[in-house]
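Listed below, chain by chain, are the residues.
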Amino acid sequence: MEKALADLDVTPPQFAVLTMVVNYPGISGAELARLTFLTPQTINVIVRNLVRAGHVEKTADATHGRILRLHATASGESLLKRCRTRVMGVEGRLAGLLGRDEERVVRGWLAAVGEKLTEER
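Just so we're clear, the structure is a prediction, and the values are computed from it rather than from any experiment.

Moving on, we get to the packing of helix α2 (residues 12-23) against helix α5 (residues 74-95). Across the interface, α2 lies against α5 with an axial gap of 10 Å and an inter-helix angle of 125°. Relative to α5, the element α2 is oriented oblique. The way α2 lies across α5 gives a crossing that is left-handed. When α2 is examined against α5, the residues F15, L18, T19, V22 and N23 are found in contact with a partner set consisting of G76, E77, L79, L80, C83, R84 and V87.

Attention shifts here to the pattern of salt bridges. Opposite charge on two side chains lets them pair, provided their charged atoms get close. Here the structure, examined in full by the defined rule, presents five salt bridges. Of the charged contacts, one joins R86 and D7 as a salt bridge, the two residues approaching to 2.3 Å between their closest N and O atoms. With a gap of 79 residues between them, R86 in helix α5 and D7 in the loop between α1 (2-6) and α2 connect regions that are remote in the sequence. By relative accessible area, R86 is classed as partly exposed at 30%. Judged by relative accessible area, which is 57%, D7 ranks as exposed. In this structure, R104 engages D101 in a salt bridge whose closest nitrogen and oxygen atoms are separated by 3.1 Å. Of this pair, R104 and D101 both sit in helix α6 (residues 100-120), separated by three residues, roughly a single helical turn. Of the residues examined, R104 reaches a relative accessible area of 55% and is grouped as exposed. Given the relative accessible area of 56%, D101 is considered exposed. Residues joined by salt bridges that share partners form a network here, namely E31, D61 and R69.

Attention now goes to the layout of surface pockets. Roughly 680 Å³ of internal volume is contained in the largest pocket. For the largest pocket, the lining is made up of 20 residues, of which M1, V87, E91, R107 and L110 are closest to its centre. When residues of the lining of the largest pocket are assigned to their parent elements, the largest contribution, seven residues, is made by α5. Class assignment for the residues of the lining of the largest pocket results in 15 nonpolar, one polar and four charged. Volume-wise, the second largest pocket comes out at about 190 Å³. Looking at the second largest pocket, the residues that line it are S28, G29, A30, I43, N44, V47, K58, I67, L68 and L70. Within the residue set of the lining of the second largest pocket, elements represented by two or more residues are α3 (29-36), α4 (40-52) and β3 (68-72). When residues in the lining of the second largest pocket are grouped by element, the largest group, three residues, is from α4. Here the lining of the second largest pocket is composed, by residue class, of six nonpolar, three polar and one charged.

Before going further, it helps to examine α4. Between the first and last C-alpha of α4 there are 18 Å, a value that for 13 residues agrees with the 18 Å anticipated at 1.5 Å per step. Taken together, the buried positions of α4 are I43, I46, V47 and L50. Looking down the long axis of α4, one finds its buried residues gathered within 100° of arc, a one-sided arrangement. In α4, those exposed residues whose orientation departs by more than 90 degrees from the buried face are Q41 and R52. Buried residues in α4 make contact with α2, α3, β2 (56-60) and β3.

Rules used in this analysis
- Residues numbered from 1 in each chain as written.
- Predicted model: local features only at pLDDT ≥ 70, side-chain atom pairs only at ≥ 80, totals over all residues.
- Heavy atoms only, no water.
- Axes fitted to C-alpha atoms, helices over the stretch in contact; angles between N-to-C directions.
- Helix = DSSP H or I, 4+ residues; strand = E, 2+ residues; numbered from the N terminus.
- Parallel < 35°, antiparallel > 145°, perpendicular 65-115°, else oblique.
- Left-handed = near helix turned anticlockwise from the far one by under 90°.
- Contact = heavy atoms within 4.5 Å.
- Salt bridge = Lys/Arg side-chain N within 4 Å of Asp/Glu carboxyl O.
- Buried < 20%, exposed > 50% of the residue type's maximum accessible area, 1.4 Å probe, protein only.
- 1 Å grid on protein atoms, 1.4 Å probe; cavity = no way out; pocket = protein on both sides within 12 Å on 5 of 7 lines; lining within 4 Å.
- Points joined across faces, edges and corners; volume = space filled by probe spheres on them.
- Nonpolar A, V, L, I, M, F, W, Y, C, P; charged D, E, K, R; others polar.
- Expected span 1.5 Å × (residues − 1).
- Arc of directions from axis to C-beta.

Scope: geometric values only; no functional claims are made or implied.
In structure tokens:
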């Protein structure tokens, strides 16, 4: 995935963050950290870089001025579409290595890992 996104100047963690910001408009940095399993410090760096590049905007929360809400810009949404196309290509090549039953087992295992990690947080 790193290679597939490199010429777009996007890292896999940036891709994950941008995906969440597009899918959850108004998400906070703390919520983003929990969803992506990244530290708040890492989220701050990634968001700062995405804001600097013009892909994400921050706005103050209506009731809690200290909470910043994140929204993708048109540029960010466009970038995410290009990234998704490339990532889907990588996923397709990986899925081609497995039969349907094997893929189902791997996906089930990954989902179970995600659930377990979420429970432990």
